[in-house]
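A structural walkthrough
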Amino acid sequence: MAKLSIRDLALQGKTVFIRVDFNVPLAPGGQEITSDKRIRAALPTIKYALEQGAGVILASHLGRPKGKRNAEMSMAPVGAKLAELLGQPVTVAPDCIGAEVAALKPAAGQVLLLENLRFHAEEEANDPEFSKQLASLCDVYVNDAFGTAHRAHASTVGMIAFVPQAAAGLLMDKELQWLGKATQNPDRPCIAILGGAKVSDKIEVIVNLAKVVDKLIIGGAMAYTFLKARGEATGKSLVEEDKIPLALELMNSLGDKLMLPTDHVVAAEFKAGAENEVVTVIPEGKMALDIGPATIAAYEAVVKASKTIIWNGPMGVFELKPFDTGTVAVALAVANSGAVSVVGGGDSEKAIKSAGVSDKITHVSTGGGASLEFLSGLVLPGVAALTEK
Ligand code: AMP
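Okay, so let's go over this structure. (Residues numbered from 1 in each chain as written. Predicted model: local features only at pLDDT ≥ 70, side-chain atom pairs only at ≥ 80, totals over all residues. Heavy atoms only, no water.)

**Remarks on the packing of helix α7 (residues 199-212) against helix α13 (residues 368-375)**
Put simply, the rule reads: A fitted line through C-alpha atoms represents every axis, and for helices the fit uses only the stretch in contact; the resulting angles, taken between N-to-C directions, go from 0 to 180 degrees. Helix and strand definitions follow DSSP, with helices as H or I runs of at least four residues and strands as E runs of at least two, each counted in order from the N terminus. If an angle is under 35 degrees, it is roughly parallel; if it is over 145, roughly antiparallel; if it lies from 65 to 115, roughly perpendicular; otherwise it is oblique. Residue contacts follow a heavy-atom distance rule, with two residues in contact if any of their heavy atoms lie within 4.5 Å.
Packing of α7 against α13 leaves a shortest axis separation of 8 Å and a crossing angle of 40 degrees. When the axes of α7 and α13 are compared, the pair comes out oblique. Across from Lys202, Val205, Asn208 and Leu209 in α7, the residues of α13 making contact are Leu372, Phe374 and Leu375.

**Quick notes on α13**
We count it as follows: Exposure is judged per residue with a 1.4 Å probe applied to protein chains only, and the accessible area is read against the type maximum: over 50% gives exposed, under 20% gives buried, and values in between give partly exposed.
Ala370, Ser371, Leu372, Phe374 and Leu375 are the residues of α13 that are buried. Here the buried face of α13 lies against α6 (170-184), α7, β13 (308-312) and β14 (340-344). Gly377 sits one or two positions beyond α13 and adopts a positive phi of about 90 degrees.

**Some words on the site of the ligand**
Note the threshold: For this purpose, a residue is taken to be near a molecule or strand whenever a single non-hydrogen atom of the residue falls within 4 Å of it. Contacts described as polar in this section are N or O atom pairs within 3.5 Å, which, within protein, must combine one atom able to donate a hydrogen with one able to accept it, while residues neighboring in sequence count only if both atoms come from side chains. With residues, only the protein chains shown are counted as cover, and all accessible areas are computed by Shrake-Rupley using a 1.4 Å probe. Ten residues, namely Ala, Val, Leu, Ile, Met, Phe, Trp, Tyr, Cys and Pro, are considered nonpolar, four, namely Asp, Glu, Lys and Arg, are considered charged, and the remaining ones, Gly among them, are considered polar.
Inspection of the region around the ligand gives 14 residues, with Ala197, Ala221, Ala288, Gly316 and Glu319 positioned closest. A distance of 3.0 Å separates an oxygen atom of the ligand from a polar atom in the backbone of Ala197. Side-chain polar atom of Glu319 to an oxygen atom of the ligand: 2.4 Å apart, as the coordinates give it. Within the complex, 79% of the 510 Å² of free accessible area of the ligand lies under protein. Along the lines of polarity and charge, the residues of the shell around the ligand split into eight nonpolar, three polar and three charged.

**Structural notes on the environment of Ile244**
If you trace the backbone, Ile244 turns up in helix α9 (residues 244-254). Under the relative-accessibility criterion, Ile244 is labelled buried at 18%. For the pair Ile244 and Lys360, spaced 116 residues apart in sequence, the C-alpha separation works out to 37 Å.

**Here's the deal with the pairing of strand β1 (residues 15-19)**
Using the following cut-off: Any two strands are treated as partners once DSSP identifies two or more bridges connecting them. By convention a crossover is right-handed if, when the strands point away from the viewer, the path from the first strand over the helix to the second runs clockwise.
Taking burial as the measure, the five residues of β1 include five buried ones, the bulk of the element. Direction of pairing for β1 relative to strand β2 (residues 55-59): parallel, over a ladder of five bridges. Bridged to Val16 within β2 is Val56. A crossover connection joins β1 to the parallel β2 through helix α1 (residues 37-51); in handedness this β-α-β unit is right-handed. Where β1 and strand β5 (residues 140-143) come together, four bridges link them in parallel fashion. Note that in β5 the partner of Ile18 across the bridge is Val142.

**Side note on helix α11 (residues 325-336)**
Counted only if it meets this: Expected helix span is taken as 1.5 Å per residue step, with the number of steps being one fewer than the number of residues.
Between its terminal C-alpha atoms α11 stretches 16 Å, which fits the 16 Å expected from 12 residues at 1.5 Å a residue. On its buried face, α11 sits against β7 (190-194), β12 (287-291), α10 (293-304), β13, β14 and α12 (346-354).

**Digging into the sheet that holds β2**
Spatial ordering of the open sheet is given by β3-β4-β2-β1-β5-β6, a layout of six strands whose pairing is parallel. The open sheet has two edge strands, β3 (91-92) and β6 (166-168), and neither has a second partner. Relative to strand β4 (residues 111-113), β2 runs parallel, the two sharing three bridges. Bridge pairing in β4 places Val56 opposite Val111. Seen against the sheet, helix α2 (residues 76-86) touches β2, β3 and β4 and runs at an angle of roughly 155 degrees to β4.

**As for the nonpolar core**
Heads up, the rule is: For the purposes of this section, nonpolar cores are sets of buried Ala, Val, Leu, Ile, Met, Phe, Trp, Tyr and Cys residues that join through side-chain atoms within 4.5 Å. The domain limits used here are those given by an automatic or database domain assignment.
In this structure, Phe17, Leu114, Leu134, Leu216, Ile218 and Phe226 are the most contacted members of the largest nonpolar core, which totals 69 residues. With seven residues, α7 is the largest single contributor of residues to this core. Composition of this core by domain shows at least three residues from each of domain 1 (6-171) and domain 2 (178-375). Sequence-distant contacts of Phe17, that is, excluding residues within four places in its chain, are made with Ile57, Ala59, Leu114, Leu134, Cys138, Val140, Tyr141, Val142 and Met159. Counting residues in hydrophobic clusters, the runner-up holds 33 residues, among them Leu43, Leu50, Met75 and Val90.

**Overview of the packing of α10 against α11**
For clarity, the cut-off: Handedness of each helix crossing follows the sense of rotation of the near helix against the far helix: counterclockwise by less than a right angle gives left-handed, clockwise gives right-handed.
Where α10 meets α11, the closest approach of the two axes is 9 Å, and the angle between their N-to-C directions is 20 degrees. Of the possible angle classes, the one that applies to α10 and α11 is roughly parallel. Note on packing geometry: the crossing formed by α10 with α11 is right-handed. Judged by residue contacts, Ile296, Glu300 and Val303 of α10 engage Thr325, Gly326, Ala329, Ala333 and Val334 from α11. Counted by class, the contact of α10 with α11 contains five nonpolar, two polar and one charged residues.

**Brief notes about the sheet that holds strand β10 (residues 264-267)**
Reading across the sheet, the three strands line up as β11-β10-β12 and stay open at both edges, with antiparallel pairing between neighbours. Edge positions in the open sheet fall to β11 (276-279) and β12, since each of these has one partner strand only. Taking each pair of neighbouring strands and ignoring which way they run, the sheet shows an average axis angle of 40 degrees. Sheet topology note: the β10/β11 ladder contains four bridges and is antiparallel. Bridge pairing in β11 places Val265 opposite Val278.

**Quick notes on unusual backbone geometry**
Cis rather than trans, the peptide bond between Arg188 and Pro189 has omega equal to 0 degrees. Backbone torsion omega between Lys321 and Pro322 reads 5 degrees, so that peptide bond is classified as cis. Its place among the elements puts Pro322 in the loop between β13 and α11. The residue Lys66 is not glycine, and still its phi comes out positive at about 55 degrees. Mapping Lys66 onto the fold places it in the loop between β2 and α2. Lys66 gets classed as exposed once you look at its relative accessible area, which sits at 68%. In the Ramachandran plot, Asn126 falls in the positive-phi region, its phi being about 55 degrees despite a non-glycine side chain. With respect to the helices, strands and loops of the structure, Asn126 is situated in the loop between α4 (121-124) and α5 (128-135). Residue classification places Asn126 among the partly exposed residues on the basis of a relative accessible area of 24%.

See below:
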C-alpha cells in the first residue's frame, strides 16, 4: 500500500496545505526556540513545494494549549525562525480557520503559517466541521509530520476526507521508506536493539519485532525484569514485578533469539560518578546502571555481523557518566557496522550525536511515539489516511 508522495502531485498554481511538525521546544515565556531541528527537518518539503510553484500553507500544533488561545504557544516565533531559514517572508495567520485566514491565501511562491492548531479543541477531537474548514483553505494536502502520524486529529486525518489528494511529504516519505524497509523486507541478518526504562513501554515493539528480526538484543533497565524472571539476583535494579510473567513468556517463546546482559555495571547510588564495579551477579543493595564489558563485546559482535539494525533506547542510565559507556559503545558499533541502521528515541539519538557518528546512521527517526507504534506493527492513522498511489 504505497502512498502518494508530494513528488506525485501537480503543484503549479495550487495552494498546498502541509501539516508539519513545528512542535519545537521553547524557553519559558514561549518567545525563544531552543532547538530549530524540527523546522529544519521540514525545509526540504517546503522548498520543494515552493519550487514547484505552489502557494504554501503550513500548519502544526505547538505544546498543549488544551483548546484555548495561549500567547506562550503562539506560532509567531516559529514563523520568524522559518523566515530566517527559508530566506523569505513568512506570514503568520491570526488563527488557523475562518474568513480572515482564508483572505491570507498565499500566492505561488509565498508561505502562510497558520496559528497553533490546538488553540481549537476540535483539532484533537478530529471534528468534521473544523476539518472541513481547514480543508477549504487548500487545493491539495501533504502530511510531513511523522511525529503526529499516530494521532487521528483533524489536521492529520479528518481534513483528508475533504481534499481531492493527500500525499506524504519528503520527510514522511523517508520515515516510511526506512522504517518500512527495516521491518518489512530487511537485509539479513536483521537485529533489533531495545533499551530504556520499562518493559511495559515496549512490549508491543518486542512482540512485533521478534517476528521480523534474527536477534533481539535487550539492554537498559528493562533487562532486569527479564533477569529476575529467570531467577537471577537483581539487587536494587529497576524491575517491573507485574511484568515478570510476561518476561518469562517472552523468554520461552523467543529462546536464543533474545540476548540479555551477562555482566553489569552496578552502584549503590543513582548519581553521576557513583562508585561502581562490574559484576556478573548483582549484589544485594546495588543497582545495575549499565551493561558490562562482556555484554558490550557480545552485542558488538552481533551488531558487526548484521545487515539491518533497528535501535531504540539506551543500554543504561545514559544521562549519568560513566553509565553512558554501554550506550555509546552500541552507538559506535551500529555506526561502524556498515548495516542499514534505523534509530529511534531521544537517548539513542543523543548517544549517536555525542559519539559524533550521526552521519553514519542510515535514518534517525523524527517521531518518538510514532516510530514506536510503527515498530509495534500498528497502522498509523495519519499514514493510512493518505491517498494510495
Ligand atoms: P525510555 O524512555 O524507555 O527509552 O527510557 C530511557 C530511560 O531509561 C533513560 O532515562 C535511562 O536513564 C533509563 N535507564 C536505562 N537503563 C537504566 C537502568 N539500568 N536503570 C535505571 N534507569 C535506566
